[in-house]
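An overview of the molecular structure
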Amino acid sequence: MRPGYSKVAVVEDDPPVLADICAAIVAAEDMELVDSATNFASGQKLVANGGFDVLVCDLGLPDGDGTGLIKMASERQNEIDIMVLTMFADHQKVLNAIRAGARGYLLKDQPLQNCIDGIREIRAGGSPINPIIARLVLKQLQPNPLPSEQMEEPLSNRELETLNLLARGFSYSESAGIMNISAHTVATYVKHIYRKLEVNSRAEAVFEASSRGILGG
Amino acid sequence: MVNKLSIGIFWFLALIGVLALAEPANAQNIVSNNLLKTEATTSGNIISFPDADISFSENSESRNVHWKQRALPALWLSDEARKIQKGNLSVRARVRFQGKAVTSDSISIFTENNRERISVSINGANIFRNYSDDGDVMLGWNHPYLIPVPISLIKPGLNEIEIRAESERNHALGIGTIAIGDHNALGPHFESQYFLRIDAPKTLNWIMLLLSAFVFIMWFSRRQEMELLWLSLTGLFWFTRNYHFFAETVPIESQLFQQITYYSIYFAVAVTLAFCAEFLKLCRRKAIIFTMLGIGLLLSISRFLLSSLDRNNMVISLMTVTLFGSFLLILIRHAWEHRSSESWLLLILLSLATLTGVHDIGRIPDVNWWNGAGFHFQPYIGFFLFLVFMLSLARRFLRALSLVEETNLHLEKSVNEAANALAASQQARRQMEVERALEMERERLMREMHDGIGSSLVTALAVARRRKDPASTIKTLQTAISDLKITVDSLAPIEGDVITLLANFRHRMEPELKQAGIESIWNVEDCPPLDWMDAGHSLHLLRLLQEATSNVLQHANASSISLSCKPSFVRNKIGVLICLADDGIGFSSTESNGSKGLEFMHQRAEVLNGILTIEESKTGGTLLSLWLSQEAAKQD
């Protein structure tokens, strides 16, 4: 595999939107469209077949929830990057997807070039975030009320600082300036934060399940 | 002393002379005159008689009465009387004195310790009987009597006082002390003796009986409190025992009364000790109590056997004291081990009781070691034991009551806390239900926007782009989507955090501003949350800012836009000041185009209860300031 070269699969039920994204991917020289699907059932097959580095996945599929596909893909291949294709990047949908294993989101109305840039960014190790999501993640991953020892993977101080700045509306480059790091590092921090959110929410789910007696021990 | 003795001897000699002259017929039959002891007090003379002529002859009329001189008091005459007499016992005592010896006009005879029924005569004239009917069985032994003597009966020469004492055959017979003198001189002694022997014991013992009944009723309603039973029995037995100290007549059949009086002391002692054992919660107290009662019974039987053998009952008395003493040893051990003040108190009290018991034994006529304090302590000690027991118990009960009160207070507090916690949790639950309902509603709306209008708009945008539709079409579609995005953002749960709302607004507008070549400058300080801000308010604020930003984008020809937010006071009220400043061509030039938009902005500011000003900044651009109070805004 060439470095910086991405194999992309897309799941999207709206044909015009799907066509646009697919066309943009095909047009990009550092990307290859591996597969695409328009519903949950064919999406499952797509995930099972594998062979992609990036999965761009819509959530509101006619026959199911895209979150399920994200979870499957994340569990099957740990090293791939999953992006949610969302209309508004509203916190509920994005956070659910991140907990399922997504690492970023693309806005459906975004200029296509921005979408391609988004995919490149995530391949380079950085994730997007908006202030509302930053605020909510901060609330969930902050050391209190849970003592940090009880958290599977607590945020590092740098990550916490980053999240604080982002929640207060500073852009990646502004935050980077304040923290005296590069904007790209800020983006990678965000990706790490997403991973920790997934790990911790999975641990939380296991804890909840075991405390309810679903899992033995 | 010498003086008195010489007076005594003088009178003695004088009497011999007088008697020898006056009544030569009786002289051979009568033992010579008794001794006199004259005591001069400030109130007058008192003549007391250290000895008397005693006779067991039943017929006082007989001239052949056999008088025998005996020392007074002669408390134990029953044995002699029983030998001589059949049936009930009687004895007569005679003392003589010279009429000259009494100087006052009001003369009284004082006599005490006579057993049991007495009649007193002077010079043959009966002046006093302590009974009214011949059938009466009296209890005279502990009663002092002060008998006024009509002055007319006193002869200038030799006078004779005769006391006749009678008692049941099984009772004691004896003559106590006799004195004659000035009423005022004898009075105080009589008063104190009467008080100490009769009045005080009577009052205290009746009180004790009453309290015992009260305690018994208490026990009856709380049977598990055995201390109450032992206490009431202590009172009852001591009362039974003490009754003969102050009663004048025997209330029931005299033989039975005597036996009850005798035996009740053992049970009084036994229940007293049982109370102590129960009260102090001595270990193995059941065994101790049974032993005490057993010993009480044993003592009764012993007494019965010994008295039927006609033996001295001192043995029993000493046995009783021994019983007390052995219990004291148990008590000392308990007090020592537990170091409780109650144990020490009871220990001191019981030791005192033992001492007074010994004192009283010494006063028994057939023991007669001493006269002691001049009266028996026993009728007191029963009462004091009872009183101290009751007070100890009452103290314990009061402490228990305070404890209950404390516990109640504590419980009440706990209940209140629990109630408050419950109310709080119910409130929290209601709050959660409301939030849940809101969240569900929000989700429904979101789904609607995603799947319905939003989806259609995005599809339309995609189609328009592919078809290369006019820019205005694409622009309109993009604006519609932007509007939707702002609506979605207004629904985010930001808990009144204006900064997050502004930040997200900036984030949304960033691509457009970038496209227009306008730099956005971000300048925020920490602000207090505006708790009143709900989704509706958020939307108004975002729309206001959107309007302002789109004005800048369309008309201002600006190269930068600065968004700032900081805490600020207006009219002493804390609030948040949001400023949007651009470096464009200024407010006046945009006015004509944006009048409709401005009107909407002011309306929105009014809904937010905010203060909106739009003015030209010093640097030439437009400055929009919106101040929002931290206090609740008007409901939308």
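Residues numbered from 1 in each chain as written. Chains lettered and ligands numbered in written order. Predicted model: local features only at pLDDT ≥ 70, side-chain atom pairs only at ≥ 80, totals over all residues. Heavy atoms only, no water.

1. What to know about the overall build of chain A
The helix and strand inventory of chain A stands at 9 helices and 7 strands. Burial status across chain A gives 53% buried among its 217 residues. Only carbon and sulfur atoms are counted for the fraction: they give 52% of the accessible area of chain A, which is about 9,300 Å². (Helix = DSSP H or I, 4+ residues; strand = E, 2+ residues; numbered from the N terminus. Buried < 20%, exposed > 50% of the residue type's maximum accessible area, 1.4 Å probe, protein only. Areas by Shrake-Rupley, 256 points an atom, 1.4 Å probe, with all protein chains shown as cover.)

2. Details of the pairing of strand β14 (residues 573–582) of chain B
All names here are of chain B. Counted residue by residue, β14 has 7 buried out of 10 residues, so it is predominantly covered. Across 10 bridges, strand β13 (residues 560–570) lies against β14 in antiparallel orientation. The partner of Val570 across the bridge, within β14, is Lys573. If you look at the hairpin formed by β13 and β14, you'll find 2 residues sitting between the two strands, and Arg571 has a positive phi there, around 50°. Here β14 pairs with strand β16 (residues 622–629) via 7 bridges, running antiparallel. (Pairing = 2+ DSSP bridges.)

3. Remarks on the environment of Asp534(B)
All names here are of chain B. Within the secondary structure, Asp534 is located in the loop between β12 (519–524) and α13 (535–556). On the basis of relative accessible area, Asp534 is assigned to the partly exposed category, the value being 36%. Of note is the side chain of Asp534, whose polar atom sits 2.9 Å from the backbone nitrogen of His537. (Polar contact = N/O pair within 3.5 Å; in protein donor to acceptor, adjacent residues only side chain to side chain.)

4. A closer look at a nonpolar patch on the surface
Residue and element names in this part refer to chain B. A surface patch of nonpolar side chains, about 400 Å² in accessible area, is lined by Leu297, Ile301, Phe304 and Leu305. In this fold, Leu305 is placed in helix α7 (residues 285–308). Classification of Leu305 by relative accessible area gives partly exposed; the value is 47%. (Patch = residues over 30% accessible without salt bridge, like charges linked within 9 Å, V, L, I, M, F, W, Y side chains within 5 Å. Salt bridge = Lys/Arg side-chain N within 4 Å of Asp/Glu carboxyl O.)

5. Observations regarding helix α5 (residues 112–123) of chain A
Residue and element names in this part refer to chain A. The end-to-end C-alpha separation of α5 is 17 Å, in line with the 16 Å expected for 12 residues at 1.5 Å each. Listed as buried for α5 are Cys115, Ile116, Gly118, Ile119 and Ile122. All buried residues of α5 fall inside an arc of 155° around its axis, so they share one side. Among the residues trailing α5, Gly125 stands out with phi positive, at a value near 105°. (Expected span 1.5 Å × (residues − 1). Arc of directions from axis to C-beta.)

6. Some points on the sheet that holds strand β7 (residues 117–122) of chain B
Remark on secondary structure: sheet strands pair via backbone hydrogen bonds, oriented parallel or antiparallel. Residues and elements named next belong to chain B. Strand order in the open sheet formed by 6 strands is β4-β3-β5-β10-β7-β8, with antiparallel pairing between adjacent strands. Two strands close off the open sheet at either side, each with one partner strand: β4 (68–71) and β8 (125–129). Recorded for the sheet is a direction-independent mean angle of 30° between the axes of neighbouring strands. Of the strand pairs in this sheet, β7 and strand β10 (residues 158–167) are connected by 6 bridges, and their pairing is antiparallel. (Axes fitted to C-alpha atoms, helices over the stretch in contact; angles between N-to-C directions.)

7. Focus: the pattern of salt bridges
Residues and elements named next belong to chain B. One pass over the full model with this rule turns up 36 salt bridges over all chains. Across the pair Arg197 and Glu112 runs a salt bridge, and its minimum N-O distance is 3.7 Å. Here Glu112 lies in strand β6 (residues 107–112) and Arg197 lies in helix α4 (residues 183–221), a separation of 85 residues in the sequence. Residue Arg197 is classed as buried on the basis of its relative accessible area, which comes to 2%. When the shortest N-O distance is used, the salt bridge between Arg467 and Asp469 registers 3.3 Å.

8. With respect to the packing of aromatic side chains
All names here are of chain B. According to the stated counting rule, one finds 20 aromatic pairs over all chains in the structure shown. A ring pair is formed by Tyr243 and Phe257, whose centres lie 6.0 Å apart and whose planes are at 75°; its orientation type is edge-to-face. Of this pair, Tyr243 sits in helix α5 (residues 226–246) while Phe257 sits in helix α6 (residues 254–279), and the two are 14 residues apart along the sequence. The pair Tyr243 / Phe257 is uniform in exposure class, with both members buried. The ring of Trp67 has Arg94 lying over it, and the distance from NZ or CZ to the ring centre is 4.1 Å. Between Arg223 and the ring centre of Trp219, over which it is positioned, the NZ or CZ distance is 5.6 Å. (Phe/Tyr/Trp six-rings, centres within 6.5 Å; stacked < 30°, edge-to-face > 60°. Lys NZ or Arg CZ within 6 Å of the ring centre and 35° of its normal.)

9. Quick look at the pairing of β16(B)
Two faces make up the sheet, and in a regular strand the side chains alternate between them. Residue and element names in this part refer to chain B. Within β16, 7 of the 8 residues are buried, which leaves it mostly tucked inside the rest of the structure. Where strand β15 (residues 611–616) lies against β16, 6 bridges are found, and the strand directions are antiparallel. Among the inter-strand pairings, Ile611 is bridged to a residue of β16, identified as Trp627. Between β15 and β16, which pair antiparallel and follow one another directly, the connecting turn spans 5 residues, one of which, Gly620, has a positive phi of 110°.

10. Quick word on the interface of chain A and chain B
Residue-level contacts link 32 residues of chain A with 36 residues of chain B. Linking chain A to chain B there are 5 salt bridges. A salt bridge links Asp20(A) to Arg466(B); the nearest nitrogen and oxygen atoms lie 3.3 Å apart. Between the two partners, chain A and chain B, sit 11 residue pairs in polar contact (both at pLDDT 80 or more). For the side of chain A that touches chain B, the element with the most residues is helix α6 (residues 131–141) of chain A, which contributes 5 residues. Classifying every residue of the side of chain A that touches chain B gives 15 nonpolar, 7 polar and 10 charged. (Contact = heavy atoms within 4.5 Å. Nonpolar A, V, L, I, M, F, W, Y, C, P; charged D, E, K, R; others polar.)

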